[in-house]
Amino acid sequence: MRLAIISDIHSNLEALQTALRAIERVGVDRMYCLGDVVGYNANPVECMHLVQKHCDGVVVGNHDLAVATGDGLGQLPPDAQKAALHNRKLLNESLRKEIISWPERIDAHDCTFVHATPDAPLAWKRINSFPAAKEQFDYFDTSVCFVGHTHVPSVVSDRLGVLKVRPGHRFMINPGSIGQPRDNNPKLSFALYDSNSMQYRNVRLDYDTETTARKLKAAGLPDRLAKRLLEGA
């Protein structure tokens, strides 16, 4: 099964459209989203509609719930809180209900999909070390667990020294962020994965960051958010 895995779109329409065009050219059997469709940027409605149209499964992220219900809003950084409140005003009741309906975890195609961590998907933990990642392998039985949340693409194996995704090992994979990369690379990031051969590829693409940044400013959102997009920080 050829899969595309996208994550952390964060209302960035230009980045999402670019990623979807690239995925269409490659051709996949299924597409999954690891959450945080909304927040930070200026086009939550358009991004929601595209995700509804193209994704076969979506798990809920912390920014999604902050926008849809206000849950966890106070735990977000100040700029993120402003963006969440902005996005909430744009989403109608139907779209907010759609977010609430998203599960916290999906298991399919010998893969697990969560926004943050498989042990407690709604605790919004950040995996920032190998010991922390190693503990998570006890909470999924599939060959691969895809996680988002940190906006930084990475691959962690169940064994030290295994750096490439291949059969015979289990992996946690972060595909990076579509809408707000944070690895000092402003290019959008997503994953292509073949669940039969375990072939994995992280895809990085340029998109129209200037337009996204202009929309942020026009919406009255903090200038710092626009600067982050341009720097990939």
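For the structure given in this document, a descriptive report is provided here. (Residues numbered from 1 in each chain as written. Predicted model: local features only at pLDDT ≥ 70, side-chain atom pairs only at ≥ 80, totals over all residues. Heavy atoms only, no water.)

### Some words on the overall build of the protein
The criterion, for reference: We count a stretch as a helix when DSSP gives it H or I for four or more residues in a row; a strand needs E for two or more, and each element gets its number in order from the N terminus. Using C-alpha atoms as the atom set, the radius of gyration is obtained and then compared with a globule rule of 2.2 Å times the number of residues to the power 0.38. Accessibility here uses a 1.4 Å probe with only protein chains present; expressed as a share of the type maximum, an area under 20% marks a residue as buried, one over 50% as exposed, and anything in between as partly exposed. Computed by Shrake-Rupley with a 1.4 Å probe, the accessible areas treat only the displayed protein chains as cover when residues are assessed. None of His or the chain ends enter the tally, which takes Lys and Arg as positive and Asp and Glu as negative. For this purpose, a charge sits on NZ of Lys, CZ of Arg, CG of Asp or CD of Glu.
Assigned secondary structure in the protein consists of eight helices and ten strands. At 16 Å, the protein has a C-alpha radius of gyration in line with the 17 Å of a compact globule built from 233 residues. Taken over the C-alpha atoms alone, the protein extends approximately 50 × 35 × 30 Å along its principal axes. Across the 233 residues of the protein, 53% fall into the buried class. Of the accessible surface of the protein, which amounts to about 10200 Å², a share of 48% is contributed by carbon and sulfur atoms. For the protein, the separation between the mean place of its 28 positive charges and that of its 27 negative charges on side chains is 4 Å.

### Examining the environment of L65
Our working definition: Any pair of residues with heavy atoms lying within 4.5 Å of one another is described as a contacting pair.
Checked against the element boundaries, L65 lands in helix α3 (residues 62-68). A relative accessible area of 14% places L65 in the buried class. Note: C-alpha distance between L65 and T150 (85 residues apart in sequence) is 17 Å. Not counting residues up to four positions away in its chain, the partners in contact with L65 are V60, G70, D71, I99 and W124.

### Some words on unusual backbone geometry
Phi at H10 is positive, roughly 55°, even though this residue is not glycine. Position of H10 relative to the elements: it lies in the loop between β1 (2-6) and α1 (13-26). For Y40, which is not glycine, the phi dihedral falls at a positive 70°. By the element assignment, Y40 lies in the loop between β2 (30-33) and α2 (44-54).

### So, the sheet that holds strand β3 (residues 57-58)
The condition is simple: Should DSSP find at least two bridges between two strands, the strands are regarded as paired. For helices, the fitted line uses only the C-alpha atoms of the stretch in contact; every axis is such a line through C-alpha atoms, and the angle between N-to-C directions lies from 0 to 180 degrees.
One open sheet accounts for five strands, arranged β3-β2-β1-β9-β10; its pairing is mixed. Strand pairing shows two members of the sheet lacking a second neighbour, β3 and β10 (199-205), which therefore form its edges. Looking at chain direction, β1 and strand β9 (residues 188-194) are connected through four bridges and run antiparallel. Looking across to β9, one finds that L3 is bridged to Y193. Across the sheet, α1 is in contact with β1, β2, β9 and β10; its angle to β9 comes to roughly 25°.

### Some points on the sheet that holds strand β8 (residues 171-174)
Taken in spatial order, the five strands line up as β4-β5-β6-β8-β7 in an open sheet, and their pairing is mixed. Whereas interior strands pair on both sides, the edge strands pair on one side only; in this sheet they are β4 (105-108) and β7 (154-157). Neighbour-to-neighbour, the strand axes of the sheet open up by a mean angle of 15°, direction not taken into account. Two elements, β4 and strand β5 (residues 111-114), share four bridges in a ladder whose sense is antiparallel. By the bridge assignment for β5, D107 is matched with T112.

### Focus on a positive patch on the surface
Just so we agree on the cut-off: Note that patches include only residues with greater than 30% relative accessible area and no salt bridge, and the join distances are 9 Å for like charges and 5 Å for nonpolar side chains (Val, Leu, Ile, Met, Phe, Trp, Tyr). Any carboxyl oxygen of Asp or Glu within 4 Å of a side-chain nitrogen of Lys or Arg constitutes a salt bridge here.
There is a patch of like positive charges on the surface, built from K134, R159, K164 and R166. In this fold, K164 is placed in the loop between β7 and β8. Given a relative accessible area of 63%, K164 falls into the exposed group.

### Re the pairing of β2
Our working rule: When the strands point away from the viewer, a crossover counts as right-handed if the path from the first strand over the helix to the second runs clockwise.
Across four bridges, β1 lies against β2 in parallel orientation. By the bridge assignment for β2, I6 is matched with C33. In this view, the connection linking β1 to its parallel neighbour β2 by way of α1 has right-handed handedness. Judged from the two bridges that link them, β2 and β3 form a sheet pairing that is parallel. Of the residues in β3, the one forming a bridge with C33 is V58.

### Remarks on the packing of helix α7 (residues 209-218) against helix α8 (residues 223-231)
Rules: Roughly parallel means an angle under 35 degrees; roughly antiparallel means over 145; roughly perpendicular covers 65 to 115; every other angle is labelled oblique. Note on residue classes: Ala, Val, Leu, Ile, Met, Phe, Trp, Tyr, Cys and Pro are nonpolar, Asp, Glu, Lys and Arg are charged, and everything else, Gly too, is polar.
As a packed pair, α7 and α8 sit with axes 9 Å apart at the nearest point and diverge in direction by 175°. Looking at the two axes, α7 sits roughly antiparallel to α8. Counting all contacts with α7, which are made through T209, E210, T212, A213, L216 and K217, the residues of α8 involved are D223, L225, A226, L229 and L230. Its residues assigned to classes, the contact of α7 with α8 shows six nonpolar, two polar and three charged.

### So, the packing of α1 against α2
Applied cut-off: Here a crossing is called left-handed whenever its near helix is offset anticlockwise from the far helix by less than a right angle, and right-handed whenever the offset is clockwise.
Running from N to C, α1 and α2 cross one another at 20°; their axes reach a closest spacing of 9 Å. Of the possible angle classes, the one that applies to α1 and α2 is roughly parallel. Regarding α1 and α2, the two cross each other, and that crossing is left-handed. Residue-level contacts link L13, L16, Q17 and L20 of α1 to E46, C47, L50, V51 and H54 of α2. When grouped by side-chain class, the residues that make up the contact of α1 with α2 number six nonpolar, two polar and one charged.

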